[in-house]
Amino acid sequence: MSAEPARESPSVQTLLEALPYIREFHGRTVVIKYGGAAMREEGLREGFATDVVLLKYVGLNPVIVHGGGPEITSYMQRLGMEVRFVEGVRVSDPETVEIAKMVLLGKVNSDIVSRLNRHGQPAVGLSGEDGTLFEVRPHPDADRVGFVGDVERVDVDVLNHIAEDYIPVVASAGTDRDGNSYNVNADTAAGQVAAALRAYKAIFLTDTAGWLADPDDSGSLVSRATVDEVESALDSVGGGMRPKLGACVAAIRGGVSSAHIIDGSKPHSLLLELFTDAGIGTMVTPG
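Treat the numbers as computed from the prediction; the structure is a model and nothing was measured.

**Student:** If you had to explain the packing of aromatic side chains to someone new, which residues and values would you point to?
**Tutor:** Two numbers describe a pair of aromatic rings. These are the distance of the centres and the angle of the planes. Under the definition given, this model contains five aromatic pairs. Centre to centre, the rings of Phe147 and Tyr182 are 5.8 Å apart; their planes meet at 40 degrees, and the pair counts as tilted. In this pair, Phe147 is assigned in the loop between α6 (142-145) and β7 (148-154) and Tyr182 in strand β10 (residues 181-184), connecting sequence segments 35 residues apart. Linked through ring pairs, Tyr21, Phe25, Tyr200 and Phe275 together constitute an aromatic cluster.

Printed below as a string of structure tokens:
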């Protein structure tokens, strides 16, 4: 009677499935836009930190760009300030920009850096204002959204220098040529950073399964789309998904091989998207 062949455990199968992806991504830069539920829940915050540290250990170069929308909204409400959005972009007067910078740099950025350090990889926190990392121009709809800036230039020398030894953690704020401060949408900033670095991938964490063709139908997930298909659909997309898709377009047009929108409320969604055959969410490709 012949012996049955040994069966690999699920854990070993997962590692074997990840191996070709680890080999493919080794030495590559991955820009991760961090936000949504993954930033709000303690367990997900810890999971995100361990996932990013793992990426660094297996040879990738992660660069984190983050916002802090819910935290900013919470502080504004405590201060009795009006909170308004236009097509997913926060309407920002000078006081809003001041609150945003306080929350992003004083609370959110330092927390991310601290967690990464604690899990074994040194990280450096900075904003778009540090080392003139971001040079911004007023948003095209400045008459409606106020002091919101679009990233005009990214100083990749700053990021490349830091990324040699550390994980850069970038808060989405910036200044124009005259030194005026602007609130910068984190999705938009991440797309521009990915393009400027010629990153291999750009990944956007959100609170939905990805891009839904019908926002009210969870079964309408668009799992894969070309940049031309996304661009042609942008005018019909509203809410927070619009800047994410726009950032995907900017990243791909800038030379990024693929951009991904994934559900950050699922534990270890970052690893699932990068290192498994199935992946999750929406992937945008050049063609």
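There is more to say after this.
**Student:** Which residues make up helix α8 (residues 186-197), and what values go with them?
**Tutor:** Between its first and last C-alpha atoms α8 spans 16 Å; for twelve residues at 1.5 Å apiece the expected length is 16 Å, and the two agree. Counting buried residues in α8 gives nine out of twelve residues, a clear majority hidden from the surface. Within the span of α8, buried status applies to Ala186, Asp187, Ala189, Ala190, Gly191, Val193, Ala194, Ala195 and Leu197. One side-chain oxygen at the N-terminal end of α8 lies 3.0 Å from the backbone nitrogen of Asp187; it belongs to Asn185. Looking one or two places after α8, you find Arg198, whose phi comes out positive at around 50 degrees.

**Student:** An account of the nonpolar core is requested, with residue identities and associated values reported.
**Tutor:** Val31, Phe134, Val193, Phe204, Trp211 and Leu245 are the most contacted members of the largest nonpolar core, which totals 41 residues. The dominant element in this core, judged by the number of residues it contributes, is helix α10 (residues 241-253), at seven residues. By size, the runner-up hydrophobic cluster in this structure holds 38 residues, among which are Val108, Ile167, Leu270 and Leu274.

**Student:** Just give me the short version of the packing of α8 against α10, but keep the residues and values in it.
**Tutor:** Packing of α8 against α10 brings their axes to within 8 Å, and their N-to-C directions diverge by 10 degrees. As the angle between them shows, α8 and α10 are arranged roughly parallel. Across the interface between the two elements, Asp187, Thr188, Gly191, Gln192, Ala194 and Ala195 from α8 touch Pro243, Lys244, Ala247, Ala250 and Ala251 from α10. Taken together, the residues of the contact of α8 with α10 break down into six nonpolar, three polar and two charged.

**Student:** Which residues make up the sheet that holds strand β14 (residues 282-285), and what values do they have?
**Tutor:** The eight strands lie next to each other as β5-β8-β2-β1-β11-β13-β14-β12, forming an open sheet whose pairing is mixed. Edge positions in the sheet fall to β5 (123-127) and β12 (224-226), since each has one partner strand and no second. Direction aside, neighbouring strands of the sheet carry axes that sit 20 degrees apart on average. Where strand β11 (residues 201-206) and strand β13 (residues 258-263) come together, six bridges link them in parallel fashion. Along β13, the bridge assignment pairs Leu205 with Ile262. Each of β1 (29-34), β2 (61-66), β8 (167-171) and β11 is contacted by helix α3 (residues 42-57), which is oriented at about 150 degrees to β2, the strand it contacts most.

Definitions and limits used
- Each chain has its residues counted from 1, running along the sequence as written.
- Confidence filtering applies because this is a predicted model: local features only for residues at pLDDT of at least 70, side-chain atom pairs given and counted only at 80 or more, and all residues used for totals across whole chains, interfaces and linings.
- Each side-chain value is derived from all of the structure's non-hydrogen atoms; neither hydrogens nor water enter the calculation.
- Between rings of Phe, Tyr and Trp, where Trp is taken as its six-membered ring, a pair exists when centres lie within 6.5 Å; planes separated by under 30 degrees are stacked, by over 60 edge-to-face, and by other angles tilted.
- Numbering of helices and strands starts at the N terminus; helices are DSSP runs of H or I of at least 4 residues and strands are runs of E of at least 2.
- Working rule for helices: expected span equals 1.5 Å times residues minus one.
- Only protein chains enter the accessibility calculation, which uses a 1.4 Å probe. A residue is then buried if its area is under 20% of the maximum for its type, exposed if over 50%, and partly exposed in between.
- Any pair of nitrogen or oxygen atoms within 3.5 Å is treated as a polar contact; in protein, a donor-acceptor pairing is required on top of that, and neighbouring residues in sequence qualify only through side-chain atoms on both sides.
- Definition used in this section: a nonpolar core is a set of buried Ala, Val, Leu, Ile, Met, Phe, Trp, Tyr and Cys residues joined via side-chain atoms within 4.5 Å.
- Inter-axis angles, ranging from 0 to 180 degrees, are taken between N-to-C directions of lines fitted to C-alpha atoms, where helices are fitted over the stretch in contact.
- Oblique is the label for any angle not under 35 degrees, not over 145, and not in the 65 to 115 range, which are roughly parallel, roughly antiparallel and roughly perpendicular in turn.
- The contact criterion used throughout is that any non-hydrogen atoms of two residues lie within 4.5 Å.
- Here the term charged refers only to Asp, Glu, Lys and Arg, the term nonpolar to Ala, Val, Leu, Ile, Met, Phe, Trp, Tyr, Cys and Pro, and the term polar to all other amino acids, Gly among them.
- The rule for pairing is simple: two strands pair if DSSP sees at least two bridges between them.

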